[in-house]
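Close look at the chain arrangement
Each chain is listed here by its residues.
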Amino acid sequence: MIGTVHYLALSAVLFSIGAVGAVVRRNVIIIFMSIELMLNAANLAFVAGSNSLGSMNGQSIVFFVMTVAAAEAAVGLAVILALFRNRQTVAADEIALLKW
Amino acid sequence: MTQAINSGLPLIVACSWALLLIVVEMFSGDRRFVGVAWMGVIGLAVTAAMSVHYASVPAVYGNALALDGYAVYFNLLACTLGAAAMLLSIDYLGDAGIVRGEYYSLMFFAVIGVVIMAAATDLIVMFIGLETMSMAVYVLAGIRKSDLRSNEAALKYFLLGALASALLLYGVALLYTITGSTVLADVSKALSDTQHAGADHLVLLLATGLVLIGFGFKIAAVPFHLWAPDVYEGAPTTVTAFMATAVKAGGFAALMRTVLVALAPMRAELAPVLWGAAAVTMTLGNVVALRQTSLKRMLAYSSIAHTGYLLVGVTAGTNEAGSSVLFYLAAYGAMNIGAFGVMAALARRGRGCEKISDFSGLAQTHPAMACAMALFMLSLTGIPPLGGFVGKLYVFTAAMHAGLVWLVVIAALNSVVSAAYYLGVVRTMYFDNAPADVLPPARPYAAVVVAVAAVVTILLGVAPSPVLGSAARAFSKVLLG
């Protein structure tokens, strides 16, 4: 029987994969994909929580998060594109004009 | 029902106005900048006035939003800072080659995000406000599309900001699964009613930690401050002015409501973490600021240090400390917008006016600007009788009353260290010789903003009681019980 704990465990695994990816990968686009994975892990946790609590709030929150993720993708890809036009690279290591 | 509409009305009008700005910009001809900027300023004034008019304490929309005193205070603060940044931008943008009308609309949306963050009494609404603000500012940071540093600032801000949002959201999701709600008051009630032991307690700690990290990024608290110097340096100066003041105010508005209301039952676990964050943030900010040669970068580290001072107030968490933090944010906003305003007023294309050495001998060539800059630097140090001093005094006194003696000692020592680099700028302006190619005259709009900021900085120092009183009234209803 698959229960709430399993869904939450899956969401924790997805979140961890995303977090590790965001930290270790050096390609800006892949870092961005990892962050999106983290957002979707949160969505899964909301839906699982909503299901076990018997309240619809968690499921409606997911719609808001999806909207935010879409807006973030639009802004983020535009920022990456603007940089790529000037630099011809999406490698995080080469983008170091301002020292970290 | 009417009350629900009334409480939302300032936000509805503000959003419509921001959209209208884009349309007006699209259909206007050559003189678009001044007109659109003034429309933005008027819109912010209308938003502020409406929020005062429709202020009411009870939360609406299923306890998701409250236009209470706290929200109104931050609304006025954010609208004022936004309007100041827009006025600074009028001349700066044209000269910097940023011919984009959406600039003002984006800045308007960022202010709306701050307003939502302050008015939110639900974690998800707070998240939406945070994202509204952040996404507008990501674009603003990179609005100089052909400038590599601006591109890079936007990218770094975006990647780290998006990461922080994801961490925050996962924290909220975990809190939701534990407590069954995202409404601040309900979360607080659920946390204090039930004992969470074993695995549940661990998940709760994890959720709290993730939420704190998310907000820590936004207010640039150590160790999540790494983006701040780069982004502040790379973004156009007027945007940096906005980020250092209004965006930080928004971050603190949300952080205080979350920590002091929703997570109030976790006080015992949170206090040491906040204590450590405050101490490390102000110390690191001040020490690294000592060795900066770029004024923009120095002010970035100074803003990290000020985050530390403000966190002292959040750590104390009493009514007195909360209202002092509100006052401090106003004083900090005035003096910082002034300092960046001086930079924006003197900057010209190809001559960023961003290094401290660019200001050598400023007192001979631009006595008024040098005097204003010196005033802001003294206020940032915390020298009486200026706004920065009074703000620090109240925050530290409140922390003393809450028993944080050692933290106040560290903060006072930090203030002494900070004098070294703030007064270094004053020395460069007054005692170094001016270079052969003197800086151009200050721009009119920016000069007016700088003058107003200087007057406000002095007024907050010599006559703080009106603002302090409204800060105390604004905060009095925030804490539960």
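Residues numbered from 1 in each chain as written. Chains lettered and ligands numbered in written order. Predicted model: local features only at pLDDT ≥ 70, side-chain atom pairs only at ≥ 80, totals over all residues.

**Structural notes on the overall build of chain A**
Let me state the cut-off plainly: Only DSSP runs of H or I with at least four residues qualify as helices, and only runs of E with at least two residues qualify as strands; both kinds are numbered from the N terminus onward. Radius of gyration: C-alpha atoms only; globule rule: 2.2 Å multiplied by the number of residues to the exponent 0.38. Here the contact rule is simple: place C-beta atoms from the backbone, and any two residues whose C-beta atoms are within 7 Å are in contact.
The secondary structure content of chain A amounts to three helices and zero strands. Each helix and strand of chain A, ordered N terminal to C terminal, gives the series α-α-α. Its C-alpha atoms give chain A a radius of gyration of 17 Å, more than 25% over the compact-globule value 13 Å for 100 residues. Expressed as lengths along the three principal axes of its C-alpha atoms, the size of chain A is roughly 50 × 25 × 20 Å. Summarising the internal contacts of chain A: among those between residues at least 6 apart in sequence, 47% fall at separations of at least 24.

**Considering the overall build of chain B**
To keep it simple, the criterion reads: The burial label depends on the number of other C-beta atoms within 10 Å of a residue's C-beta. Counts of 20 or more mean buried, 12 or fewer mean exposed, and intermediate counts mean partly exposed, with C-beta atoms placed from the backbone.
Counting secondary structure elements, chain B contains 19 helices and zero strands. Scaling as 2.2 N^0.38, a compact globule of 481 residues should have a C-alpha radius of gyration of about 23 Å, and chain B matches this with 21 Å. Once the C-alpha set of chain B is aligned to its principal axes, its extents read approximately 70 × 55 × 40 Å. Within chain B, buried positions represent 63% of all 481 residues.

**A few points about the confidence of the model for chain B**
Close reading of the predicted structure is inappropriate where its pLDDT is low. Residue and element names in this part refer to chain B. Operational definition: Within a predicted model, pLDDT stands for the predictor's per-residue confidence, ranging from 0 to 100.
Overall, the prediction assigns chain B a mean pLDDT of 89, with 97% of residues at 70 or greater. Of all the helices and strands in chain B, helix α1 (residues 2-27) carries the lowest mean pLDDT, 86, while helix α5 (residues 123-141) carries the highest, 94. With a pTM of 0.94, the predicted complex shows an ipTM of 0.94.

**A closer look at helix α12 (residues 295-316) of chain B**
Residue and element names in this part refer to chain B. Here is the rule we go by: In this analysis, the expected span of each helix is defined as 1.5 Å times one less than the number of residues it contains.
The terminal C-alpha atoms of α12 lie 32 Å apart, and with 22 residues this matches the ideal 32 Å at 1.5 Å per residue to within 8%. A large share of α12 lies buried, amounting to 22 of its 22 residues. A positive phi of about 70 degrees marks Gly 317, the residue just after α12.

**A few points about the interface of chain A and chain B**
Condition: When residues are sorted by character, Ala, Val, Leu, Ile, Met, Phe, Trp, Tyr, Cys and Pro go into the nonpolar class, Asp, Glu, Lys and Arg into the charged class, and all the rest, Gly among them, into the polar class.
With 36 residues of chain A in contact, the opposing surface of chain B contributes 33 residues. Elements represented by at least two residues in the side of chain A that touches chain B include exactly α1 (4-24), α2 (28-53) and α3 (57-87) of chain A. Sort the elements by how many residues they give to the side of chain A that touches chain B and α3 of chain A lands first, with 16 residues. The residue inventory of the side of chain A that touches chain B, partitioned by class, reads 28 nonpolar, six polar and two charged.

**What to know about the packing of helix α16 (residues 387-401) of chain B against helix α18 (residues 444-462) of chain B**
Residue and element names in this part refer to chain B. Quick reminder of the rule: Helix axes use the C-alpha atoms of the stretch in contact, all axes being lines fitted to C-alpha atoms, and the angles between their N-to-C directions lie in the range 0 to 180 degrees. In this scheme, roughly parallel covers angles under 35 degrees and roughly antiparallel covers those over 145, while 65 to 115 is roughly perpendicular and the rest are oblique. Handedness of a helix crossing follows the sense of rotation of the near helix relative to the far helix, less than a right angle counterclockwise being left-handed and clockwise being right-handed.
Relative to each other, α16 and α18 sit at 40 degrees, their axes nearing to 6 Å. By the angle class used here, α16 and α18 are oblique. The two elements α16 and α18 meet at a crossing, and its hand is left-handed. On α18, the residues that touch Gly 387, Phe 389 and Val 390 of α16 are Thr 457, Leu 460 and Gly 461. The residue inventory of the contact of α16 with α18, partitioned by class, reads three nonpolar, three polar and no charged.

**Let's talk about helix α19 (residues 465-476) of chain B**
All names here are of chain B. Heads up, the rule is: Throughout, the arc means the angular range of directions from the helix axis out to the C-beta atoms.
Over its 12 residues, α19 extends 16 Å from the first C-alpha to the last, a length consistent with the 16 Å expected when each residue adds 1.5 Å. Residues Val 467, Ala 471, Ala 474 and Phe 475 constitute the buried set of α19. Angularly, the buried residues of α19 cover 90 degrees about the axis, an arc narrow enough to put them on a single face. Every exposed residue of α19 that faces more than 90 degrees away from the buried side is listed here: Ser 465, Pro 466 and Gly 469. As for α19, its buried residues are in contact with α3 (69-96), α13 (319-346) and α18.

**Some details on the packing of α3 of chain A against helix α6 (residues 148-179) of chain B**
At their nearest, the axes of α3 of chain A and α6 of chain B sit 9 Å apart, and the two run at 165 degrees to each other. One way to sum up the angle between α3 of chain A and α6 of chain B is to call them roughly antiparallel. Here α3 of chain A and α6 of chain B pass one another in a crossing that is left-handed. Contact with α3 of chain A, carried on its side by Gly 58, Val 65, Glu 72, Val 75, Gly 76, Val 79, Ile 80, Ala 82, Leu 83, Asn 86 and Arg 87 of chain A, involves Leu 148, Asn 151, Glu 152, Ala 154, Leu 155, Phe 158, Ala 162, Leu 169 and Tyr 176 of chain B of α6 of chain B and no other residues of that element. Residues of the contact of α3 of chain A with α6 of chain B, tallied by class, amount to 13 nonpolar, four polar and three charged.

**Some points on the environment of Ala 334 of chain B**
Residue and element names in this part refer to chain B. Following the sequence through the fold, Ala 334 ends up in helix α13. Between the C-alpha atoms of Ala 334 and Ala 453, which are 119 residues apart in sequence, the distance is 5.2 Å. Ala 334 has contacts with Gly 387, Ala 453, Val 456, Thr 457 and Leu 460, leaving out every residue within four places of it along the chain.

**Description of unusual backbone geometry**
Residues and elements named next belong to chain B. A cis amide bond links Val 222 to the next residue, Pro 223, at an omega of 5 degrees. When you line up the elements, Pro 223 lands in the loop between α8 (198-219) and α9 (227-234). With an omega of 5 degrees, the peptide bond running from Pro 384 to Pro 385 counts as cis. Positive phi, close to 60 degrees, is recorded for Ala 220, a residue that is not glycine. Its place among the elements puts Ala 220 in the loop between α8 and α9.

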